[in-house]
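If you want the building blocks of each chain, they are given just below.
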Amino acid sequence: KDGIPVAVTESVIPLKTGGLLLAPADIGDSGTYQCVAQNSRESISAEATVFVKRPVEFTVVPQDTTVKEGQEVRLSCQATGHPQPVISWSRESGEPISDSAEVLSAGTLVMASTEGSLS
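Residues numbered from 1 in each chain as written. Predicted model: local features only at pLDDT ≥ 70, side-chain atom pairs only at ≥ 80, totals over all residues. Heavy atoms only, no water.

Chemist: I'd like a rundown of a nonpolar patch on the surface, residues and numbers included.
Modeler: A grouping of I13, L15 and L21 is seen on the molecular surface, where their side chains present a nonpolar patch of about 210 Å² in accessible area. By the secondary structure assignment, I13 is in strand β1 (residues 12-14). You can call I13 partly exposed: its relative accessible area is 32%. (Patch = residues over 30% accessible without salt bridge, like charges linked within 9 Å, V, L, I, M, F, W, Y side chains within 5 Å. Areas by Shrake-Rupley, 256 points an atom, 1.4 Å probe, with all protein chains shown as cover. Salt bridge = Lys/Arg side-chain N within 4 Å of Asp/Glu carboxyl O. Helix = DSSP H or I, 4+ residues; strand = E, 2+ residues; numbered from the N terminus. Buried < 20%, exposed > 50% of the residue type's maximum accessible area, 1.4 Å probe, protein only.)

Chemist: Any chance you could break down the side chain of T108 for me, citing the residues and the numbers?
Modeler: In this structure, T108 sits in the loop between β8 (101-103) and β9 (109-111). Residue T108 is classed as buried on the basis of its relative accessible area, which comes to 10%. Within the structure, T108 has its side chain in polar contact with the side chain of S76 (distance 3.5 Å). Here T108 is in contact with R74, L75, S76, C77, W89, E102 and V103, once residues within four sequence places are set aside. (Polar contact = N/O pair within 3.5 Å; in protein donor to acceptor, adjacent residues only side chain to side chain. Contact = heavy atoms within 4.5 Å.)

Chemist: Any chance you could break down the sheet that holds β9 for me, citing the residues and the numbers?
Modeler: Strand order in the open sheet formed by three strands is β6-β9-β8, and the pairing between neighbours is antiparallel. Since the sheet does not close on itself, it has two edges, and those belong to β6 (73-75) and β8, each with one partner. Going from strand to strand, the sheet's axes swing by 15 degrees on average, the running direction of each strand aside. (Pairing = 2+ DSSP bridges. Axes fitted to C-alpha atoms, helices over the stretch in contact; angles between N-to-C directions.)

Chemist: Just give me the short version of the pattern of salt bridges, but keep the residues and values in it.
Modeler: Per the stated rule, a full pass over the model turns up one salt bridge. Here R74 and E72 are joined by a salt bridge, their closest N and O atoms 2.9 Å apart. Its relative accessible area of 49% is what places R74 among the partly exposed residues. Residue classification places E72 among the partly exposed residues on the basis of a relative accessible area of 44%.

Right, dumping it as structure tokens:
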């Protein structure tokens, strides 16, 4: 894998047929694998790339919040997965979120001053 011989472990098992079993697959198993076939006269090789994805899961979910008109609002939302998910925000009603709203890199929605109801 990635130019380094694959170590046999409980989850990395070479098969008698020449295949390689990764079970259960892990993010660390992602990479390029090379198969080499050789005899006394020649050697050939082929490569395959394995991409292991991790399902998207929320690590922080937004909480219902009540504020007075004009106060700042922060709604936190975070998720993990592989590839890393991108957080976006919208209103359930489909109405646009205020132009003054900002989504921070961690996924937090910040609205500097509220304009009436947030629902």
